[in-house]
Amino acid sequence: EQIEALITPRTRAIIPVHLGGEPADMDAIMDIARRHGLVVIEDACQAHGAVWRGRKVGGLGDVACFSFQNSKNITGGEGGIILTNSPDWDDKCWSVVNVGRGRGGAFYDHIGLASNYRLSEWAAAVLRVQLTRLEEQTERRVANAAHLHEALRETPGLTPVRGDPRTTRCAYHLYRLMYEPEAFGGRSPIAFVRAMQAEGIPIVRGYPEPLSRQQVIVQRSRWVRERLGLPPHPPEETPACEAVCAFGLWLPQRVLLGAIEDMEDIARAACKVQHAWSA
C-alpha cells in the first residue's frame, strides 16, 4: 500500500521479496509497475516452488532471482540463478555474469564493467539433481506445515503466520511464528528459543532488526541524501516489521522435510515449555 507513495522520478524498479517462501502481492505490484513504467525484479531467493494464483513465482515480473546458498530449499552450496522472459534482460544479465563480455562477441571484447559470477559445473550438477526433487519436497513441506498449524492450536500465544489466501502454494523456506510473552509467563522470545532448543527443536529468532536500521543502510542513505542536497532523514517507521523483529520466530525449511512425528515433537515441546512457565 505504501509503494506508490514512494515512487519518484528517480525510481527505476520495484523489488518485491517473497519472504520465507510466501509470495508478495504480485497483482498489485505489477499493476503499479506497469502504470509507472517500472521494471519488477522478483527476489525469489527463499521461494523455490512457490505459486501465486496458479503461476509459479519467478515468472511473474520482468526478472527474478533465486538463491542456491546452503540454507535454501535447493542448494549447490552457493550461487543462484536469474530468470527472465526478455531477450534484452537475458543478454544484459549474461554480460554481467561473464565479466562484461557481449553475447556472441569476441573473448576479449568487453561491453561493460562486470565481474565473474559463473556457477561451477560441479554445483550445477548437484542442482540439476536437486531440481528433480523440488516438487516432492515442496509438497512435503506444505503437508507438514499444515499439520503443525493444527498441532500448535494446543499452545495459545504461539501463532503460525498465515499467508495471503490468494497464494496457491507457499514454499515454506521458513515456518514463521509470532510469540506472545504474556502466554508464557512473560518470558522473552530469546528465553523461549533457548528452552525449545534445550528440547532439541531448532527454532531461532527471526531478523533482529529492520533492514532500514542496519548501520550500512543508514549511512548509505545519509550519503545519498547529502549528494542530492537533501536534508537528513531518519529511517522510515516500519511498525509491522518492528513487531516481527521483536516477536517473530522461525523454523528452517529442512525441519519440514521430517516426518509427521517430528511435527508432533515440536508441538509437544512448545506445550511443555508453556506449562512449565505457567506453573
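Structure first, text after, so check above.
Owing to the predicted nature of the structure, the values given are computational and were not obtained by experimental measurement.

## A short note on the overall build of the protein chain
Right, on to step 1. Summing up its helical and strand segments, the protein chain has eight helices and 11 strands in all.
Right, on to step 2. Considering only C-alpha atoms, the protein chain reaches an extent of 70 × 50 × 30 Å along its principal axes.
Right, on to step 3. Sequence separation of at least 24 residues holds for 62% of the intrachain contacts in the protein chain that already meet a minimum separation of 6.
Right, on to step 4. With 32 positive and 33 negative side-chain charges, the protein chain shows a spacing of 4 Å between the two charge centroids.

## Structural notes on the nonpolar core
Right, on to step 1. Core analysis: the biggest nonpolar cluster contains 28 residues, and Leu158, Tyr175, Phe192, Met196 and Ile203 have the highest contact counts within it.
Right, on to step 2. Among the elements of the structure, helix H4 (121-151), strand E9 (174-179), helix H5 (189-198), strand E11 (248-252) and helix H8 (260-278) are those that each provide at least two residues to this core.
Right, on to step 3. Examining the composition of this core, we find that seven residues originate from one element, H8, more than from any other.
Right, on to step 4. Setting aside residues no more than four positions away along its own chain, Tyr175 makes contact with Ala145, Leu148, His149, Leu152, Pro160, Leu249, Trp250, Leu251 and Leu256.
Right, on to step 5. In terms of nonpolar packing, the next biggest core, distinct from the first, is built from 19 residues, Ile14, Ile32, Ala33 and Val57 among them.

## Notes on the side chain of Thr138
Right, on to step 1. Position of Thr138 among the secondary structure elements: in helix H4.
Right, on to step 2. Contact partners of Thr138, with chain neighbours within four places excluded, come to His48, Gly49 and Arg169.

## Comments concerning the pattern of salt bridges
Side-chain pairing between opposite charges can occur once the charged atoms of the two side chains come close.
Right, on to step 1. According to the stated counting rule, one finds 17 salt bridges in the structure shown.
Right, on to step 2. We note a salt bridge from Arg166 to Asp25, for which the minimum N-O separation is 2.9 Å. Taken as a pair, Arg166 in the loop between strand E7 (158-160) and strand E8 (167-169) and Asp25 in the loop between strand E1 (13-14) and helix H2 (26-36) lie far apart in primary sequence, 141 residues in all.
Right, on to step 3. When its relative accessible area of 28% is taken as the criterion, Asp25 is described as partly exposed.
Right, on to step 4. Linking Glu199 and Lys272 is a salt bridge whose minimum nitrogen-to-oxygen distance equals 3.2 Å. In this pair, Glu199 is assigned in the loop between H5 and strand E10 (204-205) and Lys272 in helix H8, connecting sequence segments 73 residues apart.
Right, on to step 5. Among the charged side chains, a network of salt bridges with common partners joins Glu4, Asp31 and Arg35.

## As for the sheet that holds strand E4 (residues 55-56)
Right, on to step 1. One open sheet holds the three strands; their spatial order is E4-E3-E8, and the pairing between them is antiparallel. Pairing within the sheet leaves two strands with one partner each, and these edge strands are E4 and E8.
Right, on to step 2. Summarising the sheet, strand E3 (residues 51-52) and E8 pair through two bridges and their orientation is antiparallel. Looking at E8, one finds that Val51 is bridged to Arg169.

## Thoughts on the packing of H4 against H8
Right, on to step 1. Two elements in contact, H4 and H8, have axes separated by 9 Å at closest approach and are oriented at 30°. With respect to H8, the element H4 is oriented roughly parallel. Seen along the crossing, H4 lies across H8 with a hand that is right-handed. Contacts from Asn144, His147, Leu148 and Ala151 in H4 reach Ile260, Met263, Glu264, Ile266 and Ala267 in H8.
Right, on to step 2. Residues that form the contact of H4 with H8 fall into these classes: six nonpolar, two polar and one charged.

## Focus on unusual backbone geometry
Excluding glycine, most residues fall at negative phi; most peptide bonds, likewise, are trans.
Right, on to step 1. Phi is positive for Val99, which is not a glycine, with a value near 45°.
Right, on to step 2. Here Val99 lies in the loop between helix H3 (87-97) and H4.
Right, on to step 3. Its identity as a non-glycine residue notwithstanding, Tyr172 has a phi of 50°, on the positive side.
Right, on to step 4. The topology assignment puts Tyr172 in the loop between E8 and E9.

## Comments concerning the sheet that holds strand E2 (residues 39-43)
Right, on to step 1. Strand order in this open sheet of four strands is E1-E2-E5-E6, and the pairing throughout is mixed. Both outer strands of the open sheet, E1 and strand E6 (80-84), are each paired with one neighbouring strand and no more.
Right, on to step 2. Pairing of E2 with strand E5 (residues 63-67), which is carried by three bridges, proceeds in the parallel orientation. Looking at E5, one finds that Asp43 is bridged to Cys65.

## Let's talk about the packing of H5 against H8
Right, on to step 1. Axis separation between H5 and H8 bottoms out at 10 Å; the angle between their running directions is 125°. Judged by the inter-axis angle, H5 sits oblique to H8. Considering only the axes of H5 and H8, their crossing is right-handed. Facing Ala191, Phe192, Ala195 and Met196 of H5, the residues of H8 in contact are Ile266, Ala269, Ala270, Val273 and Trp277.

Definitions and cut-offs
Residues numbered from 1 in each chain as written. Predicted model: local features only at pLDDT ≥ 70, side-chain atom pairs only at ≥ 80, totals over all residues. Heavy atoms only, no water. Helix = DSSP H or I, 4+ residues; strand = E, 2+ residues; numbered from the N terminus. Contact = heavy atoms within 4.5 Å. Lys, Arg positive; Asp, Glu negative; His and termini not counted. Charge placed at Lys NZ, Arg CZ, Asp CG, Glu CD. Core = buried A, V, L, I, M, F, W, Y, C linked by side-chain atoms within 4.5 Å. Buried < 20%, exposed > 50% of the residue type's maximum accessible area, 1.4 Å probe, protein only. Salt bridge = Lys/Arg side-chain N within 4 Å of Asp/Glu carboxyl O. Pairing = 2+ DSSP bridges. Axes fitted to C-alpha atoms, helices over the stretch in contact; angles between N-to-C directions. Parallel < 35°, antiparallel > 145°, perpendicular 65-115°, else oblique. Left-handed = near helix turned anticlockwise from the far one by under 90°. Nonpolar A, V, L, I, M, F, W, Y, C, P; charged D, E, K, R; others polar.

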